[in-house]
Amino acid sequence: MSATPAPTSLREGGDPALSQAVDLSHRPRPGEKVIRALLAACGVMSILTTAGIVLTLAFEAFEFFREVPVWSFVTGTNWSALIEPKAYGVLPLVSGTLMIGVLSAIVGVPLGVSTAIYLREYASPRVRNRLKPTLEVLAGIPTVVLGYFALTFVTETVLRPLFGDRIDFYNGLSAGLVVGIMIVPIIASVSEDAMAAVPRSLREGAFGLGASRMTTSLRVVLPAAMSGIAASVVLGLSRAVGETMIVAIAAGSSPRLTANPLRSIQTLTGYIVQASLGDTPQTSLEYKGVFAVGLVLFLMTLALNVASIRLVRKFRQAY
Amino acid sequence: MATRLSPTELRCSDTLRTKDRAFRWVLLAGATTTIAILLVLVADIVRDGAGRLSPEFFTSYASRFASRAGLRAPLLGTLWLMGLCSVLTVPLGVGAAIYLEEFAPSNRWTRLIETNIANLAGVPSIVYGLLGLGLFVRGLNLGKVVLAGALTLSLLVLPIVIIASREALRAVPGAIRDGAMALGATRWQAVRYEVLPAAIPGVMTGTILALSRAIGETAPLITLGAFTFVAFDPRGPFDTFTAIPIQILGWAIRPQEAFHEIAAAASIVLLVVLLGMNAFAIWLRNRYRREW
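Calculation criteria
- Residues numbered from 1 in each chain as written.
- Chains lettered and ligands numbered in written order.
- Predicted model: local features only at pLDDT ≥ 70, side-chain atom pairs only at ≥ 80, totals over all residues.
- Heavy atoms only, no water.
- Helix = DSSP H or I, 4+ residues; strand = E, 2+ residues; numbered from the N terminus.
- Rg over C-alpha atoms; globule rule 2.2 N^0.38 Å.
- Phe/Tyr/Trp six-rings, centres within 6.5 Å; stacked < 30°, edge-to-face > 60°.
- Buried < 20%, exposed > 50% of the residue type's maximum accessible area, 1.4 Å probe, protein only.
- Lys NZ or Arg CZ within 6 Å of the ring centre and 35° of its normal.
- Salt bridge = Lys/Arg side-chain N within 4 Å of Asp/Glu carboxyl O.
- Expected span 1.5 Å × (residues − 1).
- Bend = angle between axes of the 7 residues up to and from the residue.
- Polar contact = N/O pair within 3.5 Å; in protein donor to acceptor, adjacent residues only side chain to side chain.
- pLDDT = per-residue confidence, 0-100.
- Disulfide = S-S within 2.5 Å.
- Core = buried A, V, L, I, M, F, W, Y, C linked by side-chain atoms within 4.5 Å.
- Contact = heavy atoms within 4.5 Å.
- Buried area = accessible area lost by both parts, 1.4 Å probe.
- Axes fitted to C-alpha atoms, helices over the stretch in contact; angles between N-to-C directions.
- Parallel < 35°, antiparallel > 145°, perpendicular 65-115°, else oblique.
- Left-handed = near helix turned anticlockwise from the far one by under 90°.
- Nonpolar A, V, L, I, M, F, W, Y, C, P; charged D, E, K, R; others polar.

**Description of the overall build of chain B**
Part 1 of the argument: In terms of helices and strands, chain B carries 12 helices and 0 strands.
Part 2 of the argument: When the elements of chain B are put in sequence order from the N terminus, they spell out α-α-α-α-α-α-α-α-α-α-α-α.
Part 3 of the argument: Here the C-alpha radius of gyration of chain B, 25 Å, is well above what a compact globule of 292 residues would show, namely 19 Å.
Part 4 of the argument: Structurally, chain B occupies a C-alpha span of about 75 × 65 × 35 Å along its principal axes.

Below, the structure is given as structure tokens:
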């Protein structure tokens, strides 16, 4: 997570003059240079990956935008790439994605933050040592299984009896709820890190003034860790926006501009899956459209990730 | 910011204590809700699918008939993917981590690589799928083969391996390196014979977690075009393939109830493998947590 360099590594260890003085071996070591270069090449791979992502998306999206004007893509309110009459307005997909983001935040933020407060401020070491690994293990449940759960259990057993006919078989609500559960471990873990960075003296000061544990948590620790908690929320949102299988299985494939979570919707990721399941030829506009949609998704999550990384840096420097 | 406490409140702190106790219960409820829901999920899937788990389920191929369909091809596909993926990811990831942690000068280039890795860790997996489709399947003309899938998954989990390995290397104190170099070891020798062995448990933990992520990934493989009917054993890196998560999706989106049962049965298999790997990694981390 952190990008701060370690205080104790070779490159900073000790007095430079001294390490020069004790470097008695002047034997040239070509092998050392080769190894160093190989290791550096591994590091550069990450840059190549990013370049690969950007170029692939940009290249195919550029082809797409030669046929569909960017402006009508960005402002169009009708998306119908796979059935006639074709329309390429991305707003319904963006609105579906945002709906999932909002629903998952409504579920994930309170659960995640309360889990973090409990683990950090209340739980005894014994409880924490059980609860935390359990949460970490369960965070490994694959999203395709979560999607199946959203469709068969959450929609069928929980939501249908509640809403009856008003809720579609595929709907935004069940997908949003389950995506919210999915992001709880991420939010809890980053928030807990942020709260762990709050110095003990602040808590003891509050206790010394007669504050209860609750007052200390809510009025002292929470505000002090706010930038880190905000970072965890933004990171959770980014995961929710990029989440694919849960929405592809449970949210449906009807791109529509609606604020009603009971209806079937489609997200950016959902469209990419739908188009990939069929066999779209490489030259078709649908195929290129997948990359244009991917570009929008990439830019959205990039903005959220950059915001989250910035916020994390801010709280790391605070104390 | 803080509530001002009047002397009366200090004396009769009973209300405060009651509130505090109530708050504790609210938090505990929040902390356990997620776990409870996920346990419901596991129970639901076991109830749906446990009846379908039989030896034949692992040895037969996919079929148009739910009663005969099995997990053989996706099981082998997943094994191939994981084998290739670990061979590709571990050296690259650990190499990059060693470079950044032990050799890299702290300059703009290094910071660029570091920020870039942090960003890559947050790129949605389906975007990696698009990269794989554009670069490996179409660009290098590999087609929808095991190798293309493994390359894509490798790039996807590489940031996780790098970040975890760096943390493991960072936990090894500088005195170990200084000691080795004081005895005349070169930097690489110090890393190779002292630092790396000490960091191995942490590196392994990160690698297992990364691989378990790769096993569960569905979206990037679907984007590659691996959603196909496979009723033969994949025998090498250039065969077409399917994988367990893809097969789960394929069965889950069919309307017939019987296919949902085998989707649940396959989910049980996937969950056992994944939760087992995660639990092992977390156990490994706690077991070898070392105070220097």
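**Some points on the packing of aromatic side chains**
Part 1 of the argument: Applying the stated criterion across every chain, the model contains 14 aromatic pairs over all chains.
Part 2 of the argument: Ring plane angle 90° and centroid distance 5.8 Å describe the contact between A:W79 and A:Y88, whose orientation is recorded as edge-to-face. No difference in accessibility class separates A:W79 from A:Y88, as the two residues are buried.
Part 3 of the argument: An aromatic cluster is defined as three or more aromatic residues linked by ring pairs; in this entry it consists of A:F64, A:F65, A:F73, A:W79, A:Y88 and A:Y271.
Part 4 of the argument: When the ring centre of B:Y193 is taken as reference, the NZ or CZ atom of B:R192 above it lies at 4.8 Å.
Part 5 of the argument: One residue, B:R254, lies across the ring of B:F259, its end atom 4.3 Å from the ring centre.

**So, the pattern of salt bridges**
Charged atoms that come close allow side chains of opposite charge to pair.
All names here are of chain A.
Part 1 of the argument: Across all of its chains, the model carries 16 salt bridges over all chains by this definition.
Part 2 of the argument: In this structure, the salt-bridge partner of E63 is R66, at a minimum N-O distance of 3.6 Å. One end of the pair is E63 and the other is R66, both in helix α2 (residues 30-67) and 3 residues apart, which spans about a single turn.
Part 3 of the argument: E121 is the salt-bridge partner of R203, the closest N and O atoms lying 2.9 Å from each other. You can see R203 sitting in helix α8 (residues 200-208) and its partner E121 sitting in helix α4 (residues 91-122), a full 82 residues away along the chain. Just as R203 is buried, E121 falls in that class too.

**Concerning helix α7 (residues 172-196) of chain A**
Residue and element names in this part refer to chain A.
Part 1 of the argument: Taking 1.5 Å of rise per residue, the 25 residues of α7 would be expected to cover 36 Å, and the 35 Å separating its terminal C-alpha atoms lies within 8% of that figure.
Part 2 of the argument: I183 marks the point of greatest bend in α7, at about 35°, and the proline P185 comes within the next four residues.
Part 3 of the argument: One side-chain oxygen at the N-terminal end of α7 lies 3.2 Å from the backbone nitrogen of L173; it belongs to N171.

**Here's the deal with the confidence of the model for chain B**
Residues and elements named next belong to chain B.
Part 1 of the argument: Averaged over all residues, the pLDDT of chain B equals 87, while 95% of them reach at least 70.
Part 2 of the argument: Per-element averaging of pLDDT across chain B places helix α1 (residues 7-11) at the bottom with 49 and helix α7 (residues 146-170) at the top with 93.
Part 3 of the argument: In the model output, the complex is listed with pTM 0.87 alongside ipTM 0.87.

**Quick look at the state of the cysteines**
Part 1 of the argument: Per the counting criterion, the structure on display carries 0 disulfides over all chains.
Part 2 of the argument: With no disulfide of its own, A:C42 lies closest to B:C85 among cysteine sulfurs, the gap being 15 Å.
Part 3 of the argument: Overall, A:C42 belongs to the buried group, its relative accessible area being 12%.

**Considering unusual backbone geometry**
Part 1 of the argument: The backbone phi angle of B:N141 is positive, close to 60°, even though this residue is not glycine.
Part 2 of the argument: For B:N141, a relative accessible area of 65% translates into the label exposed.

**Digging into the nonpolar core**
Part 1 of the argument: Among the nonpolar cores identified, the biggest contains 152 residues, and A:I53, A:W79, A:I141, A:V145, B:L81, B:L221 and B:W251 are the most heavily contacted of them.
Part 2 of the argument: For this core, the element with the highest residue contribution is α7(A), accounting for 14 residues.
Part 3 of the argument: Among the nonpolar cores identified, the runner-up in size contains 24 residues, and A:A40, B:A96, B:L169 and B:V191 belong to it.

**Some words on the interface of chain B and chain A**
Part 1 of the argument: Contact with chain B, which involves 94 residues of that partner, is made by 88 residues of chain A.
Part 2 of the argument: Summing both sides of the interface, chain B and chain A together bury roughly 8400 Å²; the carbon and sulfur share of this comes to 71%.
Part 3 of the argument: The three residues of chain B that bury the most area against chain A are B:L27, B:L130 and B:R138, which together make up 7% of that side's buried surface.
Part 4 of the argument: Applying the counting criterion to the chain B and chain A interface returns 1 salt bridge.

**Re the environment of A:Y118**
Part 1 of the argument: As for its position among the elements, A:Y118 is in helix α4.
Part 2 of the argument: Separated by 14 residues in sequence, A:Y118 and A:S104 have C-alpha atoms that sit 21 Å apart.
Part 3 of the argument: Aside from chain neighbours lying at most four places away, what touches A:Y118 is A:A123, A:V127, A:L131, B:R24, B:L27, B:L28 and B:A31.

**Here's the deal with the packing of helix α9 (residues 187-216) of chain B against helix α12 (residues 257-287) of chain B**
Residue and element names in this part refer to chain B.
Part 1 of the argument: Look at α9 against α12: their axes get within 9 Å of each other, and the N-to-C directions meet at 165°. In this view, α9 runs roughly antiparallel relative to α12, as classed from their interaxial angle. As α9 packs across α12, the resulting crossing turns out to be left-handed. In this structure, α9 uses P201, M204, T205, I208, L209, L211, S212, I215 and G216 to contact α12, whose residues at the interface are L270, V273, L274, M277, N278, F280, A281, L284 and R285.
Part 2 of the argument: Its residues assigned to classes, the contact of α9 with α12 shows 13 nonpolar, 4 polar and 1 charged.

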